[in-house]
Amino acid sequence: INEDLQSDGILALPLTWYSGWTDPDINSNLLPHGVPYCIEAMNMIEYLQGVAQDNGIANPTLAVASIPGDFGLDAMTGALYAADALCTDVVHDGSARIIPGQDLLPVSDAIAGSGADIVYVTTTPGTFGEVYGGAIAQGFQALWSGSGPSYNPVFLDGAIADAIARDFYGSFYLDPWGSDSAGMQELMGLFAAANPDAPATDFYGEGFVEAKIMHEVLLAAYAAGDMTQAGLVAAAKSLESVDFNGLAPTERYAGEPNDIVQRDMVIFRPDKALREAGGTGTVLIEESYTGTVGGAYEFTGACYDL
């Protein structure tokens, strides 16, 4: 719908993290937020390389696999870029090989057969569970990760719970529910007042972040004396800083793409006991992480072209 948004002059916040949303040739009416899939992958590959090395693997190898399209291939572009920059041997490239509805055992077989030390899989949670389950059923063990939407905390409720808690390192675009940031405490206070019996979920914060961005746009448009659709777009693109009090990294919408693109992200581990106790099962281990590769990446446009 982006072409229609632009022709109609309507501002929108995309609920995906495709790097193209920060591309000036694409995003004239869009307000992206959160680290894009490609830089997220760069960060996580570098982070997991460090984890593997801390565990005595001097030169960890990498296997990747993904769903087709902007979701999977934007992430794979970043993962393979990081591997090249870090001199990491890619022992299996399954980019675009995960097709929902098809037999995914060949994908699991290829990953397990590669003997990789690190596995980065970007797909839907349902197919991630299939690929992961098929690989560990063969006795394969590695450090696993994938783009934020690949993971679902319900993994901790099923047959793969113990294994996923052992193997998985996750990344996301804001703090998990129950974290100590001032922004999260504000959000939890709102829920306590409005819906105290709401079950714990990490996704409440996403709605809060989106609302905060649009709130700042409306305030800026009002201050400028132009509340038309064109005035909202102009106000949005003038924002130098949108702060979330630690709930999510500060966003900026005025300036060059390389300065605007988000590079910071959250890293977490799944925790089965926390899930069973009524929490989300998400334990924050890095509140604001940017690797050297992702931090130095020169962003001039989408990592993966649609």
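Residues numbered from 1 in each chain as written. Predicted model: local features only at pLDDT ≥ 70, side-chain atom pairs only at ≥ 80, totals over all residues. Heavy atoms only, no water.

Asker: I keep staring at the packing of aromatic side chains and nothing clicks. Help me out?
Answerer: To describe a pair of aromatic rings, you give the distance between the ring centres and the angle between the ring planes. Across all of its chains, the model carries 21 aromatic pairs by this definition. Residues F128 and Y132 carry aromatic rings whose centres are separated by 6.2 Å and whose planes lie at 15° to one another, so their mutual orientation is stacked. Taken together, the positions of F128 and Y132, both in helix α5 (residues 125-136) and four residues apart, correspond to about one turn of that helix. For the pair Y132 and W144, a centre-to-centre distance of 4.9 Å together with 90° between the ring planes defines the contact as edge-to-face. One end of the pair, Y132, is in helix α5; the other, W144, is in strand β4 (residues 143-145), and twelve residues separate them in sequence. Under the relative-accessibility criterion, Y132 is labelled buried at 0%. Among the aromatic residues, those joined into a cluster by ring pairs are F128, Y132, F140, W144, Y151, F155, F168 and F268. When the ring centre of Y169 is taken as origin, the NZ or CZ atom of R269, which lies over that ring, is 3.9 Å away. (Phe/Tyr/Trp six-rings, centres within 6.5 Å; stacked < 30°, edge-to-face > 60°. Helix = DSSP H or I, 4+ residues; strand = E, 2+ residues; numbered from the N terminus. Buried < 20%, exposed > 50% of the residue type's maximum accessible area, 1.4 Å probe, protein only. Lys NZ or Arg CZ within 6 Å of the ring centre and 35° of its normal.)

Asker: It is not clear to me how the pattern of salt bridges should be interpreted in this structure. Could you clarify?
Answerer: Pairs may arise between side chains of opposite charge once their charged atoms sit close together. By the definition in use, this model includes five salt bridges. Across the pair K272 and D162 runs a salt bridge, and its minimum N-O distance is 3.0 Å. Placement of the pair is K272 in helix α11 (residues 272-276) and D162 in helix α6 (residues 161-167), with a sequence separation of 110 residues. Measuring nitrogen to oxygen at the nearest pair gives 3.3 Å for the salt bridge that ties E216 to K212. With E216 and K212 both in helix α8 (residues 204-224), this residue pair falls four residues apart, about one helical turn. (Salt bridge = Lys/Arg side-chain N within 4 Å of Asp/Glu carboxyl O.)

Asker: What should I look at first to understand the sheet that holds strand β6 (residues 265-270) in this one?
Answerer: Adjacent strands of a sheet form backbone hydrogen bonds with each other and so pair up, either parallel or antiparallel. Taking strand neighbours across the sheet as the criterion, the three strands line up as β5-β6-β7 in an open arrangement whose pairing is antiparallel. A strand with exactly one partner marks an edge of an open sheet, and here the two such strands are β5 (170-172) and β7 (282-289). Direction aside, neighbouring strands of the sheet carry axes that sit 30° apart on average. Here three bridges tie β5 to β6, and the two strands are oriented antiparallel to one another. Within β6, the residue paired with S171 across the bridge is I267. (Pairing = 2+ DSSP bridges. Axes fitted to C-alpha atoms, helices over the stretch in contact; angles between N-to-C directions.)

Asker: Hey, could you run me through the environment of L232 in this one?
Answerer: Inspection of the secondary structure assignment puts L232 in helix α9 (residues 229-236). The spatial distance from the C-alpha of L232 to the C-alpha of L218 is 6.8 Å, given a sequence separation of 14 residues. When near neighbours in sequence (up to four residues on either side) are disregarded, L232 contacts L11, V217, L218, A221, D226 and M227. (Contact = heavy atoms within 4.5 Å.)

In short, shape yes, function no, at least from these values alone.
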